[in-house]
Amino acid sequence: MGLTKQSTGIGAGRDYSIYRSGAPGEKVVALAGNPNTGKSTVFNSLTGMNQHTGNWPGKTVTNAQGRYQFDGDKFLLVDLPGTYSLLATSVEEEVARDFLCFGKPDVTVVVADATCLERNLNLVLQILEVTDRVVLCLNLMDEARRKKIRVALDRLEEELGVPVVETNARNGEGLEGLKETIAKMAAGWVSTPRQVKYCAEVEKLVAKLSPLFAGLAPNNRWLSLRYAAGETRVLPTPGLGIAPPDLAEKNWAPEICRDRIVTAIVEEAEGIYRRVVKVENDRHHALDRKIDRLLTSRALGVPIMLGLLGLVFWLTIKGANYPSQLIASLLFGLEDWLAGLGFWHLLPPWLFGILVQGMYRTLAWVVSVMLPPMAIFFPLFTLLEDLGYLPRVAFNLDHYFKKACAHGKQALTMCMGFGCNAAGVVACRIIDSPRERLIATITNNFVPCNGRFPLLIVMASAFLAVGVPLGGGAAVLSVLATVVIGVAATLAVSWGLSKTILRGLPSSFTLELPPYRRPQVGKVLVRSAFDRTLFVLGRAAAVAAPAGIVIWLMANVTVSGASFLAHGAGLFQPLGRLMGLDGVILMSFLLGLPANEIVIPVLIMSYTASGTMQDMAGLVHFRQLLLANGWTWLTAVNTMLLALFHFPCATTLWTIRKETQSLKWTWISFLIPTLAGIIICTAVAAVARLLGLAPY
Amino acid sequence: MNAKTMPLNCLPLGRVGVVRELLAGAEQQRRLLDLGLVKGTAVEAVLKSPAGDPKAFQIRGALIALRNGEARQVLVGLQ
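Residues numbered from 1 in each chain as written. Chains lettered and ligands numbered in written order. Predicted model: local features only at pLDDT ≥ 70, side-chain atom pairs only at ≥ 80, totals over all residues. Heavy atoms only, no water.

Asks: Would you mind going over the overall build of chain B with me for this structure?
Replies: Within chain B, the secondary structure is distributed over 2 helices and 6 strands. The C-alpha radius of gyration of chain B comes to 11 Å, within 12% of the 12 Å expected for a compact globule of 79 residues. Contacts spanning at least 24 positions in sequence make up 59% of the contacts within chain B whose residues lie at least 6 apart. Of the roughly 2,900 Å² of accessible surface on chain B, 51% is carried by carbon and sulfur atoms. Placing the 11 positive and 6 negative side-chain charges of chain B at their respective mean positions leaves the two points 6 Å apart. (Helix = DSSP H or I, 4+ residues; strand = E, 2+ residues; numbered from the N terminus. Rg over C-alpha atoms; globule rule 2.2 N^0.38 Å. Contact = heavy atoms within 4.5 Å. Areas by Shrake-Rupley, 256 points an atom, 1.4 Å probe, with all protein chains shown as cover. Lys, Arg positive; Asp, Glu negative; His and termini not counted. Charge placed at Lys NZ, Arg CZ, Asp CG, Glu CD.)

Here it is, written out as structure tokens:
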């Protein structure tokens, strides 16, 4: 789950079939494991795909699928959501359990974190009860070595009765061996997986129950255990046609049975861990703990959080200016060359207008204005994500979410929204309670996504960084303030919803704070360039090109003395003025409904088409263009506020509709931010004008 | 064992407690058990968030954040 074509935009809500969907002759391999063990990295390395990875639990909610070949055989790899157990009832666990138990994968690979084996073994033992076709992939071996944690591989294989492969998926170490072992297992390697032995009472009960489940998937021992523990929800169908066995004998209670089963598994995992793992340096957490204490401290936790975000924005704004000029002069030089080509004389002039002045020029603007900030911002953000900082943000902010009667995991879905709101809405599936899930869904739009960050950064660097004392600082502060306002709005609206239409108390919350990992700077650069920068830019360009044509037409086709564009802008002018903006800005946001990335192109096209032709682009000229069209600091600030507070993009709305199955909640998600935007912009404009800080 | 018993959220930072009892309801108890909080498990209080709630605990090799409301339902004994 993350910011790739699969999971953002239209692909965001796609449901992958729970049951095996391999083509004939294809072996189905399930990838299971605790959250945050590098499962997605293993998946990417095996399939060569760009499933989003990051150092925080809960990224994968749906089953992503990918294919690879080994030794002439075809394999379909299904990446299951990370789970701690197969027995609880959260959505992630249900998806993973259903696939493992009833999807009949040919091989199940359990990815385990070598630095945290004890907790991982808990899930391994549970999976061994479901299937004997298991390969244990011991990942993050480099971290384990660095922390001087030694795992006796052969001993572990012996204890578990299934093959164990050491890997370090981030640099590809051990993956060939993993593929080979998977292939052998798929070809029918005989393994004798360890089965947890329970106390005499439980075993007696299982013996009594198992004939009832004979021949049913996954196996009768597993089904009997679930039945004995009263976990009837886990059973495949309620109507198995089995009469409830007499469980009343000898003061038997399902709760006690469940407690004993879980305890036995945990203790077994502990035993194996003790025999197999040697920690040579029991202070290997010491550095992580020191950093954690600093990053979550009462005095510095929140300031450091803001400081880091500010640093990211500062680097972006400072660094984007020069490359922007460079790309602009290149692309517009190319336009001159294009325009100079002889064959235009043979074609009607309107075609030249549409293709060069409409489509090409819009594209050139989009690339030169948006590419540099994105190429700096996204790698920096990915770096923070890779380090493992996001869960600390959730940890620091949880108190406020609790105060807002919202779920703690909303901090994570909110972070996801910084990437893509549609993906953030899908991520809300990790929240179990329907009430809190709706709150998280409706408020996700209050944090700026990839499509809106460039808009904010461009506004700030074009308008607030130049000609203002301490220019760079003001621009950084304005973007930072926008994010803080967005988070505050998220909390305020969540609180408001929990006190009115979605009343209730916050439910329970547990969050793992994963160990920090040394980020792989090179990979981060490549990945964020391809996964995010090019993806967002591609989407912007894909919409901007046809939009350029449409807007050129709107600007050049005149009705009763004025262009369509002028008519449209005129229609919105009164409301725009009231909100401290203008009609063109409002129209750009409306036309930007398909994707926020195109607000800037539409804005540029509208301004350039209505007279002031711009030969050169780049941030400096962008500023001149805006000034020529009557912009003041108030216009820039209110445009940034409007970027934060307006209806979600069409894709996000469509995803909300799909996730909530309700038109009502989709409308509410549309109306709340839109109304907030109109009110806030109007209020800011009124105050600024009243104080004489901005002209009417 | 006559050690002092207290709810997990009251365990001072840096101290280790041993799980004695889970007071939570069935579904929540299941979640706590899945984290490895069975009776006899050693738990260390490690971090406090800026607001004091949630807190993070070292449980079976992993660092897990729990809100005070949940941590209160785990009774631990100091040794």
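Asks: Explain the overall build of chain A here, please?
Replies: When helices and strands are counted, chain A shows 26 helices and 11 strands. In chain A, once contacts between residues fewer than 6 apart in sequence are set aside, the share between residues at least 24 apart is 76%. Here chain A has roughly 26,700 Å² of accessible surface; of this, 64% comes from carbon and sulfur atoms.

Asks: Looking at this structure, how should I read unusual backbone geometry?
Replies: As a rule of thumb, non-glycine residues mostly have phi less than zero, and peptide bonds are mostly trans rather than cis. Of the consecutive residues Asp53(B) and Pro54(B), the connecting peptide bond is found in the cis state with omega at 5°. Relative to the helices and strands, Pro54(B) resides in the loop between strand S3 (42-48) and strand S4 (55-59). Of note, the phi angle at Lys104(A) is positive, near 45°, even though the residue is not glycine. Looking at where Lys104(A) falls in the secondary structure, it is placed in the loop between helix H2 (91-102) and strand S4 (107-113). The backbone of Leu140(A) shows a phi angle near 60°, a positive value even though the residue is not glycine. Within the secondary structure layout, Leu140(A) lies in the loop between strand S5 (134-139) and helix H4 (141-146). Under the relative-accessibility criterion, Leu140(A) is labelled buried at 3%. (Buried < 20%, exposed > 50% of the residue type's maximum accessible area, 1.4 Å probe, protein only.)

Asks: What exactly am I supposed to notice about empty space enclosed by the protein here?
Replies: In this approach, a probe sized like a water molecule rolls over the atoms, and the result shows the empty space that is left. Summed over the entire model, instances satisfying the criterion amount to 7 cavities of 30 Å³ or more. Lining the largest cavity are 24 residues; nearest its centre among them are Cys116(A), Glu512(A), Pro515(A), Gly61(B) and Ala62(B). Counting residues per element, the lining of the largest cavity draws most heavily on helix H10 (residues 286-295) of chain A, at 3 residues. For the lining of the largest cavity, the class distribution of residues is 7 nonpolar, 9 polar and 8 charged. (1 Å grid on protein atoms, 1.4 Å probe; cavity = no way out; pocket = protein on both sides within 12 Å on 5 of 7 lines; lining within 4 Å. Points joined across faces, edges and corners; volume = space filled by probe spheres on them. Nonpolar A, V, L, I, M, F, W, Y, C, P; charged D, E, K, R; others polar.)

Asks: What is the right way to read the pairing of strand S2 (residues 16-22) of chain B from this model?
Replies: All names here are of chain B. Where S2 and S3 come together, 3 bridges link them in antiparallel fashion. Paired with Gly 17 across the bridge in S3 is Val 43. Both S2 and strand S6 (residues 74-78) contribute to a ladder of 5 bridges, which runs antiparallel. Directly across from Val 18, in S6, lies its bridge partner Gly 77. (Pairing = 2+ DSSP bridges.)

Asks: Any chance you could explain the domain arrangement of chain A here in plain terms?
Replies: Accessible area lost during the coming together of the parts is what is often quoted as the interface size. Domain boundaries in chain A define domain 1 (9-186), domain 2 (200-278) and domain 3 (301-338 + 351-506 + 521-690). On a C-alpha basis, the centroid separation for the pair domain 2 of chain A and domain 3 of chain A is 52 Å. (Domains from an automatic or database assignment.)

Asks: Explanation requested: the interface of chain A and chain B in the structure shown.
Replies: Of the residues lining the interface, 47 residues belong to chain A; the matching set on chain B comes to 31 residues. Among the residues of chain A in contact with chain B, Arg119(A), Phe395(A) and Thr510(A) are the three that bury the most area, contributing 16% of the side total. Between chain A and chain B we count 4 salt bridges in total. Close ionic contact of Glu118(A) with Arg60(B) constitutes a salt bridge, the shortest N to O distance being 2.4 Å. (Buried area = accessible area lost by both parts, 1.4 Å probe. Salt bridge = Lys/Arg side-chain N within 4 Å of Asp/Glu carboxyl O.)

Asks: Which parts of the structure should I look at to understand the packing of helix H11 (residues 301-340) of chain A against helix H17 (residues 453-464) of chain A?
Replies: Each pair of packed helices can be summarised by the angle the axes make with each other and by the distance between the axes. Residue and element names in this part refer to chain A. One can describe the packing of H11 onto H17 by two numbers: an axis separation of 10 Å at closest approach and a directional angle of 65°. Crossing hand, H11 versus H17: right-handed. Mapping the contact onto sequence places Phe 313, Thr 316 and Ile 317 in H11 and Phe 453, Ile 457, Ala 460 and Ser 461 in H17. (Axes fitted to C-alpha atoms, helices over the stretch in contact; angles between N-to-C directions. Left-handed = near helix turned anticlockwise from the far one by under 90°.)

Asks: Looking at this structure, I do not really get a nonpolar patch on the surface. What am I missing?
Replies: All names here are of chain A. Together, Leu 575, Leu 578, Leu 663, Trp 667, Leu 671, Leu 675, Ile 678 and Ile 679 make up an exposed nonpolar region whose accessible area comes to about 760 Å². Of all the secondary-structure elements, those providing two or more residues to the nonpolar patch are helix H20 (564-578) and helix H26 (663-690). In terms of residues, the nonpolar patch owes the most to one element, H26, which gives 6 residues. Of note, Ile 679 is situated in helix H26. (Patch = residues over 30% accessible without salt bridge, like charges linked within 9 Å, V, L, I, M, F, W, Y side chains within 5 Å.)

Asks: I would appreciate a short explanation of the environment of Leu593(A) in the present structure.
Replies: Residues and elements named next belong to chain A. Mapped onto the fold, Leu 593 is located in the loop between helix H21 (583-591) and helix H22 (599-609). The spatial distance from the C-alpha of Leu 593 to the C-alpha of Phe 647 is 8.0 Å, given a sequence separation of 54 residues. Setting aside residues no more than four positions away along its own chain, Leu 593 makes contact with Phe 647, Pro 648, Cys 649, Ala 650 and Leu 653.

Asks: Which parts of the structure should I look at to understand the state of the cysteines?
Replies: Throughout this description, disulfide means a covalent bond between two cysteine sulfur atoms. Residue and element names in this part refer to chain A. Here the structure, examined in full by the defined rule, presents 0 disulfides over all chains. Left without a disulfide partner, Cys 681 is nearest to the cysteine sulfur of Cys 449, which lies 17 Å away. You can call Cys 681 buried: its relative accessible area is 0%. (Disulfide = S-S within 2.5 Å.)

Asks: Please clarify how the packing of helix H24 (residues 633-644) of chain A against H26(A) should be interpreted in this entry.
Replies: Residues and elements named next belong to chain A. For the pair H24 and H26, interaxial distance at closest approach is 10 Å and the crossing angle is 160°. In this view, H24 runs roughly antiparallel relative to H26, as classed from their interaxial angle. Relative to H26, the crossing made by H24 is right-handed. When H24 is examined against H26, the residues Trp 633, Leu 634, Asn 638, Leu 641 and Leu 642 are found in contact with a partner set consisting of Ile 680, Cys 681, Val 684, Ala 685, Ala 688 and Arg 689. Considered class by class, the residues forming the contact of H24 with H26 number 9 nonpolar, 1 polar and 1 charged. (Parallel < 35°, antiparallel > 145°, perpendicular 65-115°, else oblique.)

Asks: Got a minute to help me understand the environment of Leu537(A) in this structure?
Replies: With respect to the secondary-structure elements, Leu537(A) resides in helix H19 (residues 521-556). Residue Leu537(A) is classed as buried on the basis of its relative accessible area, which comes to 10%.

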